[in-house]
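Structure at a glance
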Amino acid sequence: MLKCLCLLICLAGTHAAAGAWPRQEGTGFASVATRLTFDDTFMTLTSYSSAYLEYGLNGRHTLGLDAGYSNDGTSRAIAFVRQPLTTTKAGGPIAAELGLGVIDTQIVLRPGISWGRGLDKGWMAADALAEIRMTGATDLKLDLTLGLKDDRGRMLILQLQTGKPFGQAATAQLAPSVVIPFGKSRHLEIGASTDLLERRNYGIKFGLWQDF
């Protein structure tokens, strides 16, 4: 039942990353976050700290950096560039990106494609990525997002995060979060997550956003 509800939410339609929409020239977005993950006994704890940056280069190309570190020793740092490809008949932009960086000391090429659609008070998005290591091992990821925003700037984000790590079983998580504005161009994100497949892991997330 939970899986069906999740799919309906995402297909009817966490992040303020621009996705398929290009950043305006000279504007940007930055975020830092920490995610804590527990198993079903609530005894095992892992943490993942991340930093994310986007900058509008010329109104068409968006430059970015995606970096993070886990307490189990895994890490990533990937720089990328994104540009629009086309627009659907319904007005939804489609963009492609290409990233290059390092995951756990291995060089990684990361192509991706994003789709978005604006709503009266929110947006829908789909973001697909492939992380290709020099050995040929490839991880696949697909996130489906529905974001809603009220008149006071508060946001509710519902996201289905799916993936297929190389040589491992597929993953799927439901990750809702609320985003609350404070100060000038700043937001606080508080979220949770739960696995939808065989694993029974649960997570909480705290993040800070800054537009500039």
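Computed from a prediction, not measured in an experiment: that's the story for all the values here. (Residues numbered from 1 in each chain as written. Predicted model: local features only at pLDDT ≥ 70, side-chain atom pairs only at ≥ 80, totals over all residues. Heavy atoms only, no water.)

Looking now at the overall build of the chain. Along the chain, the regular secondary structure elements total one helix and twelve strands. Along the chain direction, N to C, the helices and strands of the chain fall in the order α-β-β-β-β-β-β-β-β-β-β-β-β. A compact globule built from 212 residues would reach a C-alpha radius of gyration of about 17 Å, and the chain, at 17 Å, matches this within 12%. Here the chain holds 212 residues, and the buried ones make up 37% of them. Of the roughly 11600 Å² of accessible surface on the chain, a fraction of 64% belongs to carbon and sulfur atoms. (Helix = DSSP H or I, 4+ residues; strand = E, 2+ residues; numbered from the N terminus. Rg over C-alpha atoms; globule rule 2.2 N^0.38 Å. Buried < 20%, exposed > 50% of the residue type's maximum accessible area, 1.4 Å probe, protein only. Areas by Shrake-Rupley, 256 points an atom, 1.4 Å probe, with all protein chains shown as cover.)

On to the sheet that holds strand 4 (residues 75-87). Taken in spatial order, the twelve strands close into a barrel running 1-2-3-4-5-6-7-8-9-10-11-12, and their pairing is antiparallel. Taking each pair of neighbouring strands and ignoring which way they run, the sheet shows an average axis angle of 20°. For strand 6 (residues 106-119) and strand 7 (residues 122-133), the ladder comprises ten bridges, and the chain directions are antiparallel. In the sheet register, Gly116 faces strand 7, and the bridge partner there is Ala125. (Pairing = 2+ DSSP bridges. Axes fitted to C-alpha atoms, helices over the stretch in contact; angles between N-to-C directions.)

Turning our attention to the pattern of salt bridges. Here the structure, examined in full by the defined rule, presents eleven salt bridges. Ionic pairing is found between Glu54 and Arg23, a salt bridge with its closest N-O pair at 3.0 Å. Of this pair, Glu54 sits in strand 2 (residues 45-56) while Arg23 sits in the loop between helix 1 (2-12) and strand 1 (28-38), and the two are 31 residues apart along the sequence. Here the two residues Glu54 and Arg23 agree in accessibility, since each one is buried. Of the charged contacts, one joins Glu97 and Arg110 as a salt bridge, the two residues approaching to 3.6 Å between their closest N and O atoms. Taken together, the residues span a long stretch of sequence, with Glu97 in strand 5 (residues 93-103) and Arg110 in strand 6 at a distance of 13 residues. In terms of burial, Glu97 and Arg110 fall into one category: buried. Each of Arg23, Glu54, Asp66, Arg82, Glu97 and Arg110 takes part in a single network of salt bridges with overlapping partners. (Salt bridge = Lys/Arg side-chain N within 4 Å of Asp/Glu carboxyl O.)

Glancing now at the side chain of Thr145. Structurally, Thr145 can be placed in strand 8 (residues 138-149). Polar side-chain contacts of Thr145 include one of 2.8 Å to the side chain of Gln159. (Polar contact = N/O pair within 3.5 Å; in protein donor to acceptor, adjacent residues only side chain to side chain.)

This part takes up the packing of aromatic side chains. Scanning all chains against the criterion turns up three aromatic pairs. Put simply, the rings of Phe29, Tyr52, Phe80 and Trp209 touch in pairs and so form one group of aromatic residues. (Phe/Tyr/Trp six-rings, centres within 6.5 Å; stacked < 30°, edge-to-face > 60°.)

Moving on: the nonpolar core. The biggest cluster of nonpolar side chains holds nine residues, and these are Phe29, Tyr52, Phe80, Trp123, Ala125, Met155, Ile157, Val179 and Trp209. Of all the elements in the fold, those that place two or more residues in this core are strand 7 and strand 9 (155-164). Among the nonpolar cores identified, the runner-up in size contains six residues, and Leu144, Ala172, Leu174 and Leu196 belong to it. (Core = buried A, V, L, I, M, F, W, Y, C linked by side-chain atoms within 4.5 Å.)

This part is about unusual backbone geometry. Residues other than glycine seldom take positive phi values, yet Thr105 does so here, at roughly 70°. Among the structural elements, Thr105 can be located in the loop between strand 5 and strand 6. Accessibility expressed as a relative area gives 75% for Thr105, which makes it exposed.

What follows is about the confidence of the model for the chain. For any part of a model where pLDDT is low, the fine detail of the predicted coordinates should not be relied upon. Taken over all residues, the pLDDT of the chain has a mean of 89, while the share at 70 or more is 92%. Summarising per-element confidence for the chain, the mean pLDDT is lowest in helix 1 (33) and highest in strand 5 (97). Note on residues 1-15: pLDDT under 50 across the span, and 30 contacts to partners over four residues away in sequence or across chains. (pLDDT = per-residue confidence, 0-100. Contact = heavy atoms within 4.5 Å.)

Turning our attention to the environment of Asp127. With respect to the helices and strands, Asp127 occurs in strand 7. Judged by relative accessible area, which is 23%, Asp127 ranks as partly exposed. Leave out the neighbours within four places in its chain, and Asp127 touches Gly19, Ile113, Ser114, Lys141, Leu142 and Asp143. A distance of 2.7 Å separates the side chain of Asp127 from the side chain of Ser114, its partner in a polar contact.

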